[in-house]
Amino acid sequence: MTDAVPGTRAGFVALIGEPNAGKSTLLNRMVGAKVSIVTHKVQTTRTRIRGIAMQGQSQIVFVDTPGLFTPRRRLDRAMVAAAWGGAADADITVLLVEAHRGMTDGVSRIIAALQDRFPQGQRVALAINKIDRVKAEVLLALAERLNEAFPFVQTFMISAEKGYGVADLKAWLAGQVPAGPWLYPEDQIADLPLRMIAAEITREKLTLRLHEELPYQLTVETENWEDRPDGSTRIDQLIYVARDGHKGIVLGSKGETVKAVGQAARAELMAFLERPVHLFLQVKVRPGWLEEKERFDEMGLDFRDGD
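The numbers attached to residues start from 1 for each chain and follow its sequence in the written order. Note on the predicted model: pLDDT of at least 70 is required for a residue's local features to be given, and 80 or more for side-chain atom pairs to be given and counted; whole-chain, interface and lining totals, by contrast, use all residues. Only heavy atoms go into the side-chain values, all of them from the structure, while hydrogens and water stay out.

Caption draft 1: Representation of the overall build of the chain. Each helix and strand counted, the chain has 9 helices and 9 strands in total. The burial tally for the chain puts 52% of its 307 residues in the buried class. Put simply, of all contacts in the chain between residues at least 6 apart along the chain, 72% involve residues at least 24 apart. A run of H or I in DSSP counts as a helix once it spans at least four residues, and a run of E counts as a strand once it spans at least two, with each numbered from the N terminus. A simple rule labels every residue: compare its accessible area, found with a 1.4 Å probe on the protein chains alone, to the largest value its type can have, and call it buried under 20%, exposed over 50%, or partly exposed in between. Only heavy atoms matter for contacts: two residues are in contact if any of them lie within 4.5 Å across the pair.

Below is the structure:
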């Protein structure tokens, strides 16, 4: 914890919503840097990623939670538990709803769960996202319907991707977090070990390149991290897949897929770390990785929550 400065505020804000509601995009825009994976595929975020944003004298620690959905597997259950845990631990929760999808069954289930979990009236704000996709009258009707379903403390109309309305939401949150000293150094933008950020960057590149179910059947771990005397960093990562057939898909013809993934991940890591990076990827078949506690620990998830 940093030393108190007169008038400072600091607190946690949880971003919840259905998969692909725009939580990661909003987090990255609030922080002003990419700290969370953004892809067009659902269930990309697996862990609770903390992004740290400054607004005046306020430090807002955003918790980008996995999307809330109906879980089928142990990993799904652990991800959903992490999302609700992030909301329960936060000072304020922001529910993101996609404007063009409206009051889906998933949103209705989340609101019902909010009523069950927060009977004491924990503060929940509503952010209707992707407002550029619908007309004003549709937006107003949706906002009215959502506020009838749950007593949101405030409603915001935003586009996380384009930035509309985000400054208003950030300013409001800055005034809502509790008075007190900052929780992190002023220039820190994320509360994740570099090893995990590096693994997430590679997993994002794999997710963008691969199709269908495969991205959910693999995980990436940073096995070795070496800062060299010449100012460069060597990073060795393992890509775990569940089946032999998956290994072939990840490698690609003559290793072209994993090579392209490595090049894209290395370029982003170099920009993020601001130093030369030597990235080495290895693909391993591990049929039971989805049932191994060690894999969950690496993702920052509680294995027991999957029971």
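Caption draft 2: Inspection of the packing of helix 6 (residues 194–209) against helix 8 (residues 256–273) at higher detail. Interaxial distance between helix 6 and helix 8 falls to 9 Å at its minimum, and their mutual angle equals 140°. What the angle tells us is that helix 6 and helix 8 run oblique. Along this stretch, helix 6 crosses helix 8, giving a crossing that reads as right-handed. Along its contact with helix 6, which presents Leu 194, Ile 197, Ala 198, Ile 201, Thr 202, Glu 204, Lys 205, Leu 206 and Arg 209, the element helix 8 presents Thr 257, Ala 260, Val 261, Ala 264, Ala 265, Glu 268, Leu 269, Phe 272 and Leu 273. Axis angles are defined between N-to-C directions and span 0 to 180 degrees, where every axis is a line fitted to C-alpha atoms and, for a helix, only to the segment in contact. Angle categories: roughly parallel below 35 degrees, roughly antiparallel above 145, roughly perpendicular from 65 to 115, and oblique for all the rest. Handedness of a crossing follows from how the near helix is turned relative to the far one, being left-handed for an anticlockwise turn of less than a right angle and right-handed for a clockwise one.

Caption draft 3: Quick peek at helix 1 (residues 23–31). Along helix 1, 7 of the 9 residues are buried, which leaves the element largely enclosed by surrounding structure. Burial in helix 1 covers these residues: Lys 23, Ser 24, Leu 26, Leu 27, Asn 28, Met 30 and Val 31. Once helix 1 ends, the next one or two residues include Gly 32, with phi positive near 85°.

Caption draft 4: Representation of the confidence of the model for the chain. A score from 0 to 100, pLDDT tells how confident the predictor is in each residue. Of the residues in the chain, 79% have a pLDDT of 70 or more, and the chain-wide mean is 83. No element of the chain has a lower mean pLDDT than helix 2 (residues 74–89), at 65, and none a higher one than strand 6 (residues 155–157), at 97.

Caption draft 5: Broad picture of the pairing of strand 4 (residues 92–98). A large share of strand 4 lies buried, amounting to 7 of its 7 residues. Alternating positions in strand 4 separate into two faces, Ile 92, Val 94, Leu 96 and Glu 98 on one and Thr 93, Leu 95 and Val 97 on the other, with burial throughout. At least two DSSP bridges between two strands are needed for those strands to be called paired. Pairing geometry for strand 1 (residues 9–17) and strand 4, over 5 bridges, is parallel. Within strand 4, the position partnered with Ala 14 by the bridge is Thr 93.

Caption draft 6: The nonpolar core, seen in detail. To form a nonpolar core, buried Ala, Val, Leu, Ile, Met, Phe, Trp, Tyr and Cys residues must be joined to one another through side-chain atoms within 4.5 Å. Core analysis: the biggest nonpolar cluster contains 24 residues, and Val 13, Leu 15, Leu 26, Phe 62, Val 94 and Leu 173 have the highest contact counts within it. It is helix 5 (residues 166–176) that contributes the most residues to this core, 5 residues altogether. Formed by 20 residues, the second largest nonpolar core is a distinct cluster that contains Leu 114, Leu 126, Ile 128 and Phe 152.

Caption draft 7: Structural detail: the sheet that holds strand 7 (residues 218–227). The 3 strands lie next to each other as 7-8-9, forming an open sheet whose pairing is mixed. The sheet terminates laterally at strand 7 and strand 9 (277–285), the two strands that pair on one side only. Sheet twist, expressed as the average angle between the axes of neighbouring strands with direction ignored, equals 20°. Across 9 bridges, strand 8 (residues 233–241) lies against strand 9 in parallel orientation. In the strand pairing of strand 9, Val 241 is matched with Val 285. Sheet strands touched by helix 6: strand 7, strand 8 and strand 9. Its angle to strand 7, the strand with the most contacts, is close to 135°. Packing against the sheet, helix 7 (residues 244–251) makes contact with strand 7, strand 8 and strand 9, and its axis sits at approximately 155° to strand 9.

Caption draft 8: Structural detail: helix 8. The end-to-end C-alpha separation of helix 8 is 25 Å, in line with the 26 Å expected for 18 residues at 1.5 Å each. Looking at helix 8, one finds that the buried residues are Thr 257, Val 258, Val 261, Gly 262, Ala 265, Leu 269 and Leu 273. For helix 8, the angular spread of buried residues about the axis comes to 120°, placing them on one side. Facing away from the buried side of helix 8, by more than 90 degrees, are the exposed residues Lys 259 and Ala 271. Contacts from the buried residues of helix 8 go to helix 6, strand 7, strand 8, helix 7 and strand 9. Backbone geometry just after helix 8 places Glu 274 at a positive phi near 55°. Here the expected span of a helix is defined as 1.5 Å times the quantity of residues minus one. The arc in question is formed by the directions pointing from the helix axis toward the C-beta atoms.

Caption draft 9: Region of interest: the side chain of Arg 203. Examined against the element boundaries, Arg 203 turns out to sit in helix 6. The exposure class of Arg 203 is buried, given its relative accessible area of 3%. Polar contacts here mean pairs of N or O atoms no more than 3.5 Å apart (in protein, one a potential hydrogen donor and the other a potential acceptor; neighbouring residues in sequence count only if both atoms are side-chain atoms). A distance of 3.1 Å separates polar atoms of two side chains, one belonging to Arg 203 and the other to Glu 200.

Caption draft 10: Structural context of the packing of helix 1 against helix 5. In the contact formed by helix 1 and helix 5, the axes pass within 11 Å of each other and the chain directions differ by 75°. When the axis of helix 1 is compared with that of helix 5, the two are roughly perpendicular. Where helix 1 approaches helix 5, its residues Leu 26, Arg 29 and Met 30 are matched on the opposing element by Val 166, Leu 169, Lys 170 and Leu 173. Here the nonpolar group is Ala, Val, Leu, Ile, Met, Phe, Trp, Tyr, Cys and Pro; Asp, Glu, Lys and Arg are the charged ones; every other residue, Gly included, is treated as polar. In terms of residue class, the contact of helix 1 with helix 5 is made up of 5 nonpolar, no polar and 2 charged.

Caption draft 11: Summary view of the environment of Gly 11. Relative to the assigned elements, Gly 11 resides in strand 1. Assessed through its relative accessible area of 1%, Gly 11 is described here as buried. Considered as a pair, Gly 11 and Asp 91 are 80 residues apart in the sequence and their alpha carbons are 6.1 Å apart. With residues near it in sequence (within four places) discarded, Gly 11 still touches Gln 59, Ile 60, Val 61, Asp 91, Val 177, Pro 178 and Leu 183.

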